[in-house]
Structure formats: C-alpha cells, structure tokens
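Residues per chain are reported as follows:
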Amino acid sequence: MSETKSDKKVLLEVRDLRVEFRKGKRVVSAVAGLDFDIYEGETLGLVGESGCGKSTTGRALMLIEQPTAGTVKLGDVEITKLKGRALRAARRQMQMIFQDPISSLNPRRRVKDIVAEPIDCWRAAKGEEREKIIFDLLTKVGIDPRVYGNRYARQFSGGQCQRISIARSLAMKPQMLICDEMVSALDVSIQAQILNLLEDLKEEYGLTLLFIAHDLAVVKNVSDRVAVMYLGKFCEIGPSDVMYAEPAHPYTKFLLSAALEADPDSPRHDQVLEGEPPSPLDPPSGCRFRTRCPNATELCASTVPEMQTLSDGHQVACHFPLIPVRRSAAPAGADA
Amino acid sequence: MSDPQTPNDQNPEENVRVAAKDSNKVTFLPPDAPLLRVDNVSTTFHTPRGDVRAVSNISFEVRANEVVGIVGESGSGKTVLSRTLMGLQPRHGVTVDGSITFAKRYVAERGDVVDGHVPENPLVGFEVARAKEADLRTVWGVEVAMVFQDPMTSLNPVQRVGNQISEGLRVRQGMSKKDAKRRAIELLTQVGIPSPEERYRAYPNQLSGGMRQRVMIAIALACNPRLLLADEPTTGLDVTIQAQILNLLEDLQRQYHMSVVLVTHDLGVVATRTDRIVVMYGGRVVECGNTRDVFYGHRMPYTEALLKSTPKISNSSHSRLQTIPGRPPDILNLPPGCSFAPRCSYATEKCLQERPELEGTENDGHFFACWNPLPARKTPPATRSDASEIGVDSVRD
C-alpha cells in the first residue's frame with residue numbers, strides 16, 4: 001500500500017450518516033452525521049466508550065439498522081438505496097463478526113453446516129467443491145475439519161467459536177469485514193491468537209476491515225487509521241501511530257491517558273476525565289464533549305466544531321486542538 | 001479503646017464469639033503480624049462428576065497497608081480464591097483445606113484470660129477457613145469487605161442505595177437511623193457521587209455502571225474495614241470510568257490505611273497500582289513477588305507469555321503479538337505435571353510428569369514454580385515519573 005493519499009482507492013464511502021431512534025416523542029441520535037472513507041486494504045479502527053454509537057455505526061453500514069439519513073457507498077454501489085434481493089447481494093461483499101462468539105453461533109448446528117450456510121444460501125457451490133471450500137476455510141482458521149467438523153457449536157470455547165465465526169464470514173469471499181468488539185470477551189492469550197489470525201487472513205484475502213473496539217491498545221495493534229467517537233460524532237480521525245503519539249482532541253488525550261499499560265514504569269496520570277457522558281437523548285449544544293472538556297469556552301457551547309485537517313489524513317473536530325492546525329494544508333483533504 | 005472509629009466497641013454484643021472462645025484464653029499476635037496469612041489453602045467442590053479442586057495449595061500473605069494483585073485468566077481459580085478468603089463458600093458441597101488467618105482487632109469481653117500485658121493495638125488471630133457464619137459476621141464489613149465484579153447483580157434492585165449503605169452502619173455499628181443516613185451521605189460524597197442527597201434515594205437501576213460500582217465501594221467502606229477484597233472491580237467499565245474507580249480505590253486505601261487485594265485478569269490494572277502480584281494458572285500460584293520483580297524479572301514462562309501477548313499502546317500498528325498456543329486447562333482434568341506444560345515452549349518430559357513446587361529467587365518474596373525457568377535478571381530501578389498533569393491547555397492560544 002502506498003503512503004500518499006491519492007494512490008489509495010476508496011472502498012467504502014460514508015457521507016453524513018445518521019441513525020436516530022425514537023422513544024415516544026423524544027429522539028436519540030445515536031449516530032449524528034459521520035463522514036469517512038475506508039480505503040481498500042486498510043484497517044480503520046473505531047474507538048469510543050459504551051453508548052457512543054460505534055456499534056450502531058457498524059450496523060448501519062450493513063443496513064441492519066436503517067440509517068435515518070446519509071449514504072453508504074461500497075465501491076460503486078450505493079447500499080443505502082438498495083432493498084430486498086439487491087441489498088442481500090450487496091451484503092455478500094460486507095460481513096460482520098460480533099462480540100459474543102458463543103451466542104452468534106447456533107449451538108445445535110454442526111460446525112460444517114454453520115460455515116456452509118452462506119454458500120448454501122447463495123448456491124455458490126455444490127458437492128465436492130462445497131466440501132473443499134469448507135475444509136479450506138476451517139483449516140485456515142485453525143479448526144481441524146476432520147476432528148471438529150461434525151461437532152456442534154456448543155462444544156467449543158469462546159476463542160474457537162470466534163474462529164468459526166471468522167470462517168463463516170469469509171465463506172463468500174467478502175471485500176470487507178466489520179468486526180464489532182470481536183476480541184473483548186476473550187482471555188488475553190486467546191485474544192492474541194485471534195488478532196494474529198485476523199491479520200493473516202486480511203493479508204491472504206486482501207480484506208478491508210472496520211475494527212470496532214473499546215480497547216485502545218488492541219485497536220492500535222491492528223489499525224492503519226483510527227477514528228475516535230463521542231456521543232455519535234467523530235472527535236478525531238488519523239493514522240494510528242501519528243494520532244496516538246500526538247492526539248489533537250482533548251477527549252483522545254484523556255482516553256489515551258486512562259488506558260492502562262501492562263508496565264509498572266508506564267506514566268501514571270492522576271488527572272482523569274471527570275463525570276460520565278451525557279445522555280444522547282439530550283446532547284449538549286455545540287461541541288458534544290464540551291461538558292467534560294477542561295478547555296471549553298462559550299464558542300464550544302454555541303458552535304459545532306468542523307473537521308479541520310492537521311496533517312495528511314489527520315483531522316480533528318475541535319475549536320482548540322492540542323496541536324496547531326496546518327493552515328497551508330490542502331483543503332481537499334477535508335472531504336474525508 | 002481510644003480509637004473512636006473502631007466499630008466494635010459500640011456494639012460489644014456482636015463480638016461475643018472470638019477465635020479463642022473455648023478456653024477464653026487470649027493469645028495476641030505480634031504487632032507486625034501480616035493482616036492476612038493464607039497457608040496451603042485448597043478449595044474442593046464435590047460434584048456428581050467427582051471432586052474438583054478449583055484452587056490448590058495457595059499460600060501468600062497480605063501485610064498492613066499493602067496492595068496485592070491476584071492475576072489470572074478465566075478459569076484460573078482467582079474468583080474461587082477470593083470467595084474462599086472471605087469465607088463465602090457454601091457449607092455444603094465445598095471443602096476448604098488449609099488455613100486462612102486474619103489478624104482481627106481484639107475486643108475485650110467477659111471471661112477472657114489475657115496472657116501477659118495487652119499491647120497497644122491488640123490483635124488476635126481469626127481463622128476464616130473453619131469459622132461459623134455467626135463468627136464470620138463479626139469480621140464481614142468490619143474487618144474484611146468485598147467489592148464484587150458486577151455491581152448490578154450484587155446490589156439489591158428493590159432497595160434504595162442509601163438504605164443499602166446505612167444498613168451496615170446500623171447493624172454493625174449500632175448507629176441511629178439519622179446518624180447512619182448522615183454517614184451514608186458522607187460516604188457517597190467520598191466515593192465521588194454528585195448530589196449525594198438525591199442519590200441516597202435512588203434505586204440501583206437509576207445509576208450508571210460506574211456509579212453503581214462507587215455505591216458498592218461505599219457499602220464496603222462503611223464500617224472502616226482493614227482489608228478490602230476487590231474482585232474484578234472495573235471489568236465491564238469504560239476506560240475513563242475504570243481510571244476513575246482505580247484512582248478512587250487508591251485514594252481510599254491511603255486515607256483509610258487499608259490493605260487491598262485486587263483480583264483481575266488485566267495486567268494493566270495491577271502494573272502501576274499494586275505492591276505485589278500473585279500470578280495464578282490452573283488453580284495454583286505459578287509466580288508471586290514484588291510487582292516490579294514479576295514484571296521485569298519473571299522466571300515462569302507463563303508470566304512471560306501473558307505479558308507478551310498483551311497488546312500495548314506503545315506497539316506500532318500491525319505489530320505481531322506473541323501468542324500462547326492452545327487454551328487454558330480444564331480444571332476438571334488437570335495434567336499430572338505442570339498445568340502450563342502442554343502450552344509451554346520450554347516444556348520437557350519432566351514438566352509433563354512432575355509438578356514443580358514454588359521456589360524462591362534472590363529477590364525477597366519472589367517465588368516461581370517451574371522446572372525450566374527463564375534466566376534470572378536484575379530488576380531495573382523504578383523510572384516512572386508520575387505525570388500528574390495532562391497539559392490539555394498547553395497549546396491553547
């Protein structure tokens with residue numbers, strides 16, 4: 001993959017994505033206008049605290065949750081316009097892996113049948129060819145099909161179930177995977193196995209990933225770029241190494257300082273983010289983070305901050321970013 | 001006793017039974033005795049499928065004002081151990097072997113025969129492993145308190161949180177309803193709950209996860225315990241809330257001069273907040289020692305593998321993690337030798353056959369159980385500088 005932006009091909013284009021839920025007369029805007037691109041072959045990490053709308057975003061991209069407004073384009077296909085059969089066909093290109101590996105598999109079905117289901121649905125292969133695809137998929141995710149193929153999903157541990165989920169999601173050779181907290185229920189030693197497996201398969205299948213997680217260390221380890229979300233909006237998006245080294249949004253900085261490193265010599269920050277996120281039923285005016293931000297001014301209360309470009313691909317939505325905005329930067333980057 | 005905070009002197013009736021009840025002969029512990037001494041403790045569950053030893057031959061100590069971390073993956077026995085230490089295992093179907101001695105504040109009572117002179121802060125040994133529930137009630141809350149993992153299921157959903165805090169104060173310390181309420185509101189303030197008077201009347205479902213965990217901590221602290229057992233206190237909370245709760249626990253530990261046992265699966269939680277660490281695997285202690293010795297001078301391959309498979313923020317993106325092949329052992333069917341041997345890259349024939357015992361190192365209090373340990377290394381001196389300020393306003397113009 002090339003370093004310069006112009007060489008990258010956009011696979012997924014998201015414009016002004018909004019998801020609203022109604023509760024009586026009140027409206028929760030879970031996703032409040034997201035614009036982003038995911039380039040072919042990259043991994044975009046999406047981090048944020050619980051309730052910030054990161055899972056809803058993932059689901060809205062698949063149209064599992066109907067977006068209230070906005071467009072999602074995968075390649076040349078505008079998914080948000082599709083319905084019925086055409087939508088199902090488009091979903092073959094995008095698959096999802098869920099958080100709870102055990103409940104996302106039917107406990108009373110055999111592993112082979114679980115993995116074969118997408119193939120059978122689309123009548124993509126039959127007989128020996130079908131068997132071979134299943135055999136290869138299970139072998140690739142580290143489940144020996146000769147030993148385990150006929151066992152039931154309930155007989156497997158969480159880590160193994162997640163491997164089976166991965167095999168199932170790859171059955172139709174998708175272009176893109178949406179991984180929603182896929183390792184957060186696993187033990188550290190198993191988590192590392194699954195993350196390495198995901199990297200290998202990404203390489204082999206040329207996958208593009210949206211990796212949704214709350215664990216900043218996990219996200220850093222797998223992502224090329226990271227987006228930080230707070231109350232339905234992006235605070236900051238940028239290349240992971242750059243952003244973790246020099247966060248521009250105060251929220252990103254607080255998140256990073258609150259993350260715990262498994263190292264007694266890692267710096268300890270006694271200044272932690274106070275309070276809890278406000279209710280999405282009644283989000284603050286202006287910048288949504290202003291109620292917890294130590295730098296907030298009247299401007300933050302009155303005006304919604306626009307995304308500003310700091311450096312190539314690094315953007316922040318803050319009136320007072322922690323690193324100076326490069327005024328000379330080409331404004332063309334502002335569309336991402 | 002002069003200490004007004006000592007709860008026992010307010011309600012001596014509660015403390016009729018002490019450890020030395022039979023003879024009424026009181027033997028005091030030396031003043032520097034460890035607060036908690038766990039000696040060769042095993043917990044066995046009797047199930048229809050046979051006996052399961054969830055925790056085997058655990059020994060360690062917790063001294064006064066010390067924070068000890070117990071680390072292990074799921075199924076390593078850390079929760080069974082913490083419940084055993086509290087004396088919370090059911091009477092039937094479970095056998096606890098070994099001894100768990102807690103240094104309890106002594107309260108004089110009628111008929112006591114005291115050997116020699118009474119020390120300034122008299123302590124007597126209290127055996128948790130074989131205590132009756134009535135005796136355990138004299139230490140629960142007052143001497144040892146516990147914070148559980150899931151604050152939703154451990155709080156009573158149909159009682160106001162204020163009541164749940166003041167209950168202990170009224171029952172243990174014999175406070176009046178009014179005093180208990182005042183103290184409960186004080187506790188809510190101390191654990192950082194905004195508008196505590198209103199929250200006093202809230203039900204648990206009206207509070208967020210972080211707030212509920214703060215309430216749990218307030219309940220645990222109500223009677224000034226000297227030992228706080230926290231079983232996964234921040235699992236399931238967001239990172240920023242986790243940092244708030246861990247900082248709160250640390251502040252309260254200093255303020256109340258408590259000892260804390262922090263049980264967790266997360267090495268990040270124990271790295272900067274404990275004095276010592278106990279690493280568990282397959283129901284046994286595989287390594288224990290000062291936090292820095294365990295992190296930088298670990299000898300047990302499991303500790304190393306666990307550290308190396310933990311993703312770090314300082315890693316660059318797409319860095320490969322070292323993995324541990326296989327999965328944690330089935331406690332119903334432990335291998336005869338070292339439990340980690342089937343997953344260990346250093347394992348030999350001996351590891352599969354014979355179980356290694358804990359052996360000491362040149363570092364004080366550092367023990368490991370391994371036939372083929374990693375070479376000894378010198379623990380580097382502490383370099384951590386406490387960054388007290390994040391400096392969010394540094395670039396503001």
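Just so it is clear, the structure is predicted and the values come from calculations on it, not from any experiment. Residue indices begin from 1 for each chain and proceed along its sequence in written order. As a convention, the first chain written is A and the first ligand written is 1, with the rest following in written order. Only residues with pLDDT of at least 70 are given local features in this predicted model, and only at 80 or more are side-chain atom pairs given and counted; all residues enter the totals for whole chains, interfaces and linings.

## Some words on the overall build of chain B
Turning to step 1, where the next piece is worked out: Secondary structure assignment for chain B yields 12 helices and 14 strands.
Turning to step 2, where the next piece is worked out: A compact globule built from 397 residues would reach a C-alpha radius of gyration of about 21 Å, and chain B, at 23 Å, matches this within 12%.
Turning to step 3, where the next piece is worked out: Each of the three principal axes of chain B carries a C-alpha extent, and together these read 70 × 65 × 45 Å.
Turning to step 4, where the next piece is worked out: A separation of at least 24 residues holds for 68% of the contacts in chain B among residues at least 6 apart in sequence. By definition, any uninterrupted DSSP run of H or I lasting at least four residues is a helix, any uninterrupted run of E lasting at least two residues is a strand, and each is numbered from the N terminus. Radius of gyration here uses only the C-alpha atoms, and the compact-globule reference equals 2.2 Å multiplied by the residue count raised to the power 0.38. With C-beta atoms placed from the backbone, a contact is any residue pair whose C-beta atoms sit within 7 Å.

## Observations regarding the sheet that holds strand 4 (residues 69-74) of chain A
Residues and elements named next belong to chain A.
Turning to step 1, where the next piece is worked out: Strands were regarded as paired on the criterion that DSSP finds at least two bridges between them. Sheet architecture is open: four strands sit in the order 2-1-4-5, paired in antiparallel fashion. Looking at the sheet topology across the chains shown, the edges are occupied by strand 2 (26-39) and strand 5 (77-78).
Turning to step 2, where the next piece is worked out: Sheet topology places strand 1 (residues 10-23) next to strand 2; 11 bridges connect them, and they run antiparallel. Within strand 2, the residue paired with Arg18 across the bridge is Ala32.

## With respect to the interface of chain B and chain A
Turning to step 1, where the next piece is worked out: Counting from both sides, the interface comprises 56 residues of chain B and, opposite them, 53 residues of chain A.
Turning to step 2, where the next piece is worked out: Only helix 8 (239-256), helix 9 (267-271), helix 10 (291-297) and helix 11 (301-309) of chain B provide two or more residues apiece to the side of chain B that touches chain A.
Turning to step 3, where the next piece is worked out: Residue composition of the side of chain B that touches chain A, by class: 20 nonpolar, 24 polar and 12 charged. When residue character is reported, Ala, Val, Leu, Ile, Met, Phe, Trp, Tyr, Cys and Pro are called nonpolar, Asp, Glu, Lys and Arg charged, and the others, Gly included, polar.

## Side note on the packing of helix 3 (residues 111-121) of chain A against helix 6 (residues 158-170) of chain A
Residue and element names in this part refer to chain A.
Turning to step 1, where the next piece is worked out: For helices, the axis comes from a line fit to the C-alpha atoms of the stretch in contact; other axes are also lines fit to C-alpha atoms, and the angle between any two N-to-C directions lies between 0 and 180 degrees. Between helix 3 and helix 6, the shortest axis-to-axis distance is 7 Å and the interhelical angle comes to 30 degrees. Of the possible angle classes, the one that applies to helix 3 and helix 6 is roughly parallel. Considering how the two elements wind past one another, helix 3 and helix 6 form a crossing that is right-handed. Touching Val111, Ile114, Val115, Glu117 and Pro118 of helix 3 are Ile164, Ala167 and Arg168, all from helix 6.
Turning to step 2, where the next piece is worked out: Taken together, the residues of the contact of helix 3 with helix 6 sort by class into six nonpolar, no polar and two charged. Note on angle classes: values under 35 degrees are labelled roughly parallel, values over 145 roughly antiparallel, values of 65 to 115 roughly perpendicular, and the remainder oblique. Left-handed describes a crossing whose near helix is turned anticlockwise from the far helix by less than a right angle; the clockwise case is right-handed.

## Description of the domain arrangement of chain B
Residues and elements named next belong to chain B.
Turning to step 1, where the next piece is worked out: What marks off one domain from the next here is an automatic or database domain assignment. Domain boundaries in chain B define domain 1 (7-274) and domain 2 (278-311 + 321-368).
Turning to step 2, where the next piece is worked out: At the interface, 22 residues of domain 1 touch 17 residues of domain 2.
Turning to step 3, where the next piece is worked out: For the side of domain 1 that touches domain 2, the elements supplying multiple residues, two or more each, are strand 3 (50-62), strand 4 (67-71) and helix 9.
Turning to step 4, where the next piece is worked out: Ranked by residues supplied to the side of domain 1 that touches domain 2, first place goes to strand 3 with eight residues.
Turning to step 5, where the next piece is worked out: A breakdown of the residues in the side of domain 1 that touches domain 2 according to their chemical character gives 11 nonpolar, seven polar and four charged.

## Quick notes on helix 7 (residues 188-205) of chain A
Turning to step 1, where the next piece is worked out: A helix is expected to span 1.5 Å multiplied by its residue count minus one. Its 18 residues place the ends of helix 7 of chain A 26 Å apart at the C-alpha level, agreeing with the 26 Å of an ideal helix rising 1.5 Å per residue.
Turning to step 2, where the next piece is worked out: Those residues of helix 7 of chain A that fall on the buried side of the exposure criterion are A:Val188, A:Ser189, A:Ile190, A:Gln191, A:Ala192, A:Gln193, A:Ile194, A:Leu195, A:Leu198 and A:Leu201.
Turning to step 3, where the next piece is worked out: Residues of helix 7 of chain A that are buried in the fold lie against helix 4 (127-140), helix 6 and helix 8 (216-222) of chain A together with helix 11 of chain B.
Turning to step 4, where the next piece is worked out: A:Gly206, located one to two residues past helix 7 of chain A, shows a positive phi value of around 60 degrees. Partly exposed residues are those whose C-beta has more than 12 but fewer than 20 other C-beta atoms within 10 Å; with 20 or more the residue is buried, with 12 or fewer it is exposed, and the C-beta atoms are placed from the backbone.

## Considerations on the nonpolar core
Turning to step 1, where the next piece is worked out: By convention the nonpolar core is taken to be a set of buried residues drawn from Ala, Val, Leu, Ile, Met, Phe, Trp, Tyr and Cys and joined through C-beta atoms within 7 Å. A:Val115, A:Ile164, A:Val228, B:Ala218 and B:Val286 are the most contacted members of the largest nonpolar core, which has 192 residues in total.
Turning to step 2, where the next piece is worked out: Broken down by element, this core gets its largest block of residues, eight residues, from helix 7 (residues 209-221) of chain B.
Turning to step 3, where the next piece is worked out: Setting aside anything within four residues of it in sequence, one finds B:Ala218 in contact with B:Ile165, B:Leu187, B:Leu188 and B:Val191.

## A word on the sheet that holds strand 10 (residues 259-264) of chain B
Strand-to-strand pairing in sheets goes through backbone hydrogen bonds, with the strands running parallel or antiparallel.
All names here are of chain B.
Turning to step 1, where the next piece is worked out: With respect to topology, eight strands assemble into an open sheet ordered 8-9-10-4-11-12-14-13, the strand pairing being mixed. Sheet topology places strand 8 (144-147) and strand 13 (359-360) at the edges, where each strand pairs with a single neighbour.
Turning to step 2, where the next piece is worked out: Here strand 13 pairs with strand 14 (residues 367-368) via two bridges, running antiparallel. Residue Gly360 lies in a different strand from strand 14, and its bridge partner there is Phe367.

## Considerations on the domain arrangement of chain A
Residue and element names in this part refer to chain A.
Turning to step 1, where the next piece is worked out: The domains assigned to chain A are domain 1 (8-93 + 174-262 + 269-335) and domain 2 (103-173).
Turning to step 2, where the next piece is worked out: Distance between the C-alpha centres of domain 1 and domain 2: 30 Å.
Turning to step 3, where the next piece is worked out: Each partner contributes residues to the interface: domain 1 has 12 residues there, and domain 2 has 13 residues.
Turning to step 4, where the next piece is worked out: A total of six residues in the side of domain 1 that touches domain 2 trace back to one element, the largest contributor, which is helix 7.
Turning to step 5, where the next piece is worked out: Partitioning the side of domain 1 that touches domain 2 into residue classes produces 10 nonpolar, one polar and one charged.

## Details of the pairing of strand 11 (residues 276-281) of chain B
Residue and element names in this part refer to chain B.
Turning to step 1, where the next piece is worked out: Of all six residues in strand 11, six are buried, a share of seventy percent or more.
Turning to step 2, where the next piece is worked out: The side-chain alternation of strand 11 yields two buried faces, one formed by Arg276, Val278 and Met280 and the other by Ile277, Val279 and Tyr281.
Turning to step 3, where the next piece is worked out: Two strands pair when backbone bridges link them, and strand 11 and strand 12 (residues 284-290) are joined in this way by six bridges, in the antiparallel orientation. Among the inter-strand pairings, Val278 is bridged to a residue of strand 12, identified as Cys288.

## Things to note about the pairing of strand 9 (residues 225-230) of chain A
Residues and elements named next belong to chain A.
Turning to step 1, where the next piece is worked out: A large share of strand 9 lies buried, amounting to six of its six residues.
Turning to step 2, where the next piece is worked out: Burial of strand 9 is two-sided: the residues Arg225, Ala227 and Met229 facing one way and the residues Val226, Val228 and Tyr230 facing the other way are all buried.
Turning to step 3, where the next piece is worked out: Where strand 3 (residues 43-47) meets strand 9, four bridges bridge the pair, whose relative direction is parallel. Within strand 9, the position partnered with Val47 by the bridge is Val228.
Turning to step 4, where the next piece is worked out: Both strand 9 and strand 10 (residues 233-239) contribute to a ladder of six bridges, which runs antiparallel. Within strand 10, the residue paired with Tyr230 across the bridge is Lys233.
Turning to step 5, where the next piece is worked out: Once strand 9 ends, the chain turns through two residues before running back antiparallel as strand 10, passing Leu231 with a positive phi of about 50 degrees.

## Some thoughts on the packing of helix 4 (residues 161-173) of chain B against helix 5 (residues 177-190) of chain B
Residues and elements named next belong to chain B.
Turning to step 1, where the next piece is worked out: Contact pair helix 4 / helix 5: the axes reach a minimum separation of 9 Å and the direction vectors enclose 120 degrees. Between helix 4 and helix 5, the crossing angle belongs to the class labelled oblique. As helix 4 runs across helix 5, the sense of the crossing is right-handed. Counting all contacts with helix 4, which are made through Gly162, Ile165, Ser166, Leu169 and Arg170, the residues of helix 5 involved are Lys177, Ala180, Lys181, Arg183, Ala184 and Leu187.
Turning to step 2, where the next piece is worked out: In terms of residue class, the contact of helix 4 with helix 5 is made up of five nonpolar, two polar and four charged.

## As for the environment of B:Pro335
Residue and element names in this part refer to chain B.
Turning to step 1, where the next piece is worked out: In this fold, Pro335 is placed in the loop between helix 11 and helix 12 (349-353).
Turning to step 2, where the next piece is worked out: With 16 C-beta atoms packed within 10 Å, Pro335 lands in the partly exposed category.
Turning to step 3, where the next piece is worked out: Sequence-wise, Pro335 and Arg355 are 20 residues apart; in three dimensions their C-alpha atoms are separated by 9.2 Å.
Turning to step 4, where the next piece is worked out: Excluding its chain neighbours within four sequence positions, the residues that come into contact with Pro335 are Pro329, Ala341, Pro342 and Leu352.

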